[in-house]
Structures are given as structure tokens and as C-alpha cells.
Amino acid sequence: MLKKERHIYILNKVQSDGRALVSELTKELKVKEDTIRKDMQELSAKGLIKRVHGGALSIVNDKVDFNTRIDQNAKVKEELAKLAVPILEKADVLFIDGGTTNLKLAEKLPQSYKGRVLTNSPSVAFALSNHPHVQIYVIGGEFNKTSHVNTGSYTIKEIERIHVELCVLGISSIDSNLGITVPLFEESLLKSQLIKQSSQILSVVTKEKLEKVSTFFVEKSNALDFLITEKSVPANIIDAYKQNGIKVLQ
């Protein structure tokens, strides 16, 4: 197994279980303990995991770049994207926010869909470029090399001038009580404006992003109309979101 593949495996393990043990990984990956320790040291140096004695713990991770995140939980994201398609098909005008999960959703948009898609993500626009019917409008701005989205005051000004039926909001951290949060102040302003300009909000959220908090507040969790997440999320967490008036699909 290549180093990149081991790193992805370790990150997935930490995100899904909340921790990863060196002793377990050596058996699962069939490599020496020193190899796993070096992998963890590199991931810890990048701020992707918290290194502890015997293994690593999950942290609220705001530093994983777009290209790395594409490979993380790819199959899970694809399955969740499929659940969102019936809701998307009902809207004539969509905004698809940036993010690797939303990219999977764009790739799953049926060929029969004939609406308009607005996005601040060049990656989403490119994924839809061969779609036979979709009209694509890319919101401009300063391109963020880490998240692969356009951001900044110009982006927000453009968003202020639109209205969409359904926004697919990218979420990196959401807590049922503390709401939607993001690592960057500009990002919080952009997402907050997107919510204001949209009739309905849908988010596809993998389980490691639930009940997590980042730095800057966007909006309360009940800003969402639809939350799509994994079946393995504990019932008490799902109930907390349902109590906030959100329709949860698994």
C-alpha cells in the first residue's frame, strides 16, 4: 500500500471511529509499527490528527485540502448524494455550494434534469460541463486554493443579487445546539448570505461533521430544511436535529 493510501485509510479511521490505534493499524494494513508511527507524525504535523500515546485522535479539522478530501469516504458521499437527487429534481434553480460531498452530488444529477445551477465552485461547474440540459452560472471571486471555491466580497455581492429555490449548502461543522460554523470569517458571511437568498436549504453531511464546532458562526441548525446523513449516526443525535424542525434522511 502506498503512503498516500495509508494516510487516507488512517484519516478515514480517525474520522469514523474518533481514534486510531497503532496496534490495530499494523494488523489491518500489514505494515510495521514504525511505519504507522511515521504516518501519524506526518499527519499530525499537518494538523490533520492529534497524536497521542499508542495512536491518534480526531480533531475539528479545518486544514484538509480539497484534493485530499475527495478520496475520504468517497463511497459514503456517493450514496448520500443519491438520497438528495429526488429533492434536487423538484427545483428549477439550484445553488450548489463548494465541497467534495457536493461535488459527488453534482456528478449524480440526472441527465434528465433541465434546470439552472449556480455555484461558487469551479469544480462543480466542470463536473456539470457535459450535462446535456443544465444551464451553469459560476459566481466569481477570489479562488481559494485549499477549498477550491470562489470567496470574498465580490462573491457575496453577486450572491446578494440572486434568488434560488434550493441551496445545497456545504457544511464542515454543525452542532444541533450551537449551529453551523466554519473556520474562516469570509466563509461565514458567504454561507449566511446564501441562506438568506434561498427558499430552502439542503445539506449532505457525513457523520464526522455532526456535533462539531469550528470558529465562526453561520446560522442556527434549524436554517436547514433537509439534512442527509449516514444510517450509522446514533438515534439521539438524529432526534436532536428533528426536534429543530429539520427533515432528516438516512
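Residues numbered from 1 in each chain as written. Predicted model: local features only at pLDDT ≥ 70, side-chain atom pairs only at ≥ 80, totals over all residues. Heavy atoms only, no water.

- Under an unreviewed UniProt entry, the name given to the chain is Lactose phosphotransferase system repressor, and the organism recorded is Oceanobacillus neutriphilus.
- Database annotation for the chain, UniProt heading Function (unreviewed entry): "Repressor of the lactose catabolism operon. Galactose-6-phosphate is the inducer." (UniProt positions renumbered as here; feature names shortened; annotations may be inferred.)

**So, the side chain of Thr-181**
- As for its placement among the helices and strands, Thr-181 is situated in strand 11 (residues 179-182).
- For Thr-181, a relative accessible area of 5% corresponds to the buried category.
- Discounting chain neighbours no more than four positions away, the residues touching Thr-181 are Ser-172, Ser-173, Lys-212, Val-213, Ser-214, Phe-216, Phe-217 and Val-218. (Helix = DSSP H or I, 4+ residues; strand = E, 2+ residues; numbered from the N terminus. Buried < 20%, exposed > 50% of the residue type's maximum accessible area, 1.4 Å probe, protein only. Contact = heavy atoms within 4.5 Å.)

**Some details on the nonpolar core**
- By size, the foremost hydrophobic cluster in this structure holds 28 residues, and its most contacted members are Phe-95, Leu-169, Ile-174, Leu-224 and Leu-227.
- Looking at this core, the elements that each hand over two or more residues are helix 8 (153-160), strand 9 (164-168), strand 11, helix 9 (185-196) and helix 10 (235-243).
- A per-element tally of this core places helix 9 first, with three residues.
- Apart from residues no more than four positions distant in its own chain, Leu-227 is found in contact with Ser-203, Val-205, Leu-210, Tyr-241, Ile-246, Lys-247, Val-248 and Leu-249.
- Core analysis: the next-biggest nonpolar cluster, separate from the first, contains 22 residues, Ala-81, Ala-84, Leu-94 and Ala-106 among them. (Core = buried A, V, L, I, M, F, W, Y, C linked by side-chain atoms within 4.5 Å.)

**Remarks on a nonpolar patch on the surface**
- Taken together, the side chains of Phe-185, Leu-189 and Phe-216 present a nonpolar region at the surface, about 260 Å² in accessible area.
- Here Phe-216 is to be found in strand 13 (residues 216-219).
- Phe-216 gets classed as partly exposed once you look at its relative accessible area, which sits at 30%. (Patch = residues over 30% accessible without salt bridge, like charges linked within 9 Å, V, L, I, M, F, W, Y side chains within 5 Å. Areas by Shrake-Rupley, 256 points an atom, 1.4 Å probe, with all protein chains shown as cover. Salt bridge = Lys/Arg side-chain N within 4 Å of Asp/Glu carboxyl O.)

**Overview of unusual backbone geometry**
- A positive phi is found at Lys-30, a non-glycine position, where the angle reads about 55 degrees.
- Positionally, Lys-30 belongs in the loop between helix 2 (22-29) and helix 3 (33-45).
- In the Ramachandran plot, Glu-211 falls in the positive-phi region, its phi being about 60 degrees despite a non-glycine side chain.
- Take Glu-211: it is sitting in the loop between strand 12 (198-204) and strand 13.
- Classification of Glu-211 as partly exposed rests on a relative accessible area of 30%.

**What about helix 3?**
- Its 13 residues give helix 3 an end-to-end C-alpha distance of 18 Å, which sits within 8% of 18 Å, the value for a rise of 1.5 Å per residue.
- Within the span of helix 3, buried status applies to Ile-36, Asp-39, Met-40 and Leu-43. One side of helix 3 carries all its buried residues, which in axial view fall inside an arc of 95 degrees. Relative to its buried face, helix 3 has exposed residues pointing more than 90 degrees away, namely Asp-34, Lys-38 and Ala-45.
- One or two steps after helix 3, the chain reaches Gly-47, where phi turns positive at roughly 80 degrees. (Expected span 1.5 Å × (residues − 1). Arc of directions from axis to C-beta.)

**Overview of the sheet that holds strand 3 (residues 55-57)**
- An order of 1-3-2 is seen for the three strands of this open sheet, with the pairing classed as antiparallel. Of all the strands in the sheet, the pair left with one neighbour each is strand 1 (19-21) and strand 2 (50-52). Averaged over all neighbouring strand pairs, the angle between strand axes comes to 20 degrees, with direction disregarded.
- Relative to strand 3, strand 2 is paired through three bridges, and the arrangement is antiparallel. Bridge pairing in strand 3 places Lys-50 opposite Leu-57.
- Its contacts with the sheet put helix 2 on strand 1 and strand 3, and the angle it makes with strand 1 is roughly 70 degrees.
- Against the sheet, helix 3 contacts strand 1, strand 2 and strand 3, and its axis sits at roughly 140 degrees relative to strand 2. (Pairing = 2+ DSSP bridges. Axes fitted to C-alpha atoms, helices over the stretch in contact; angles between N-to-C directions.)

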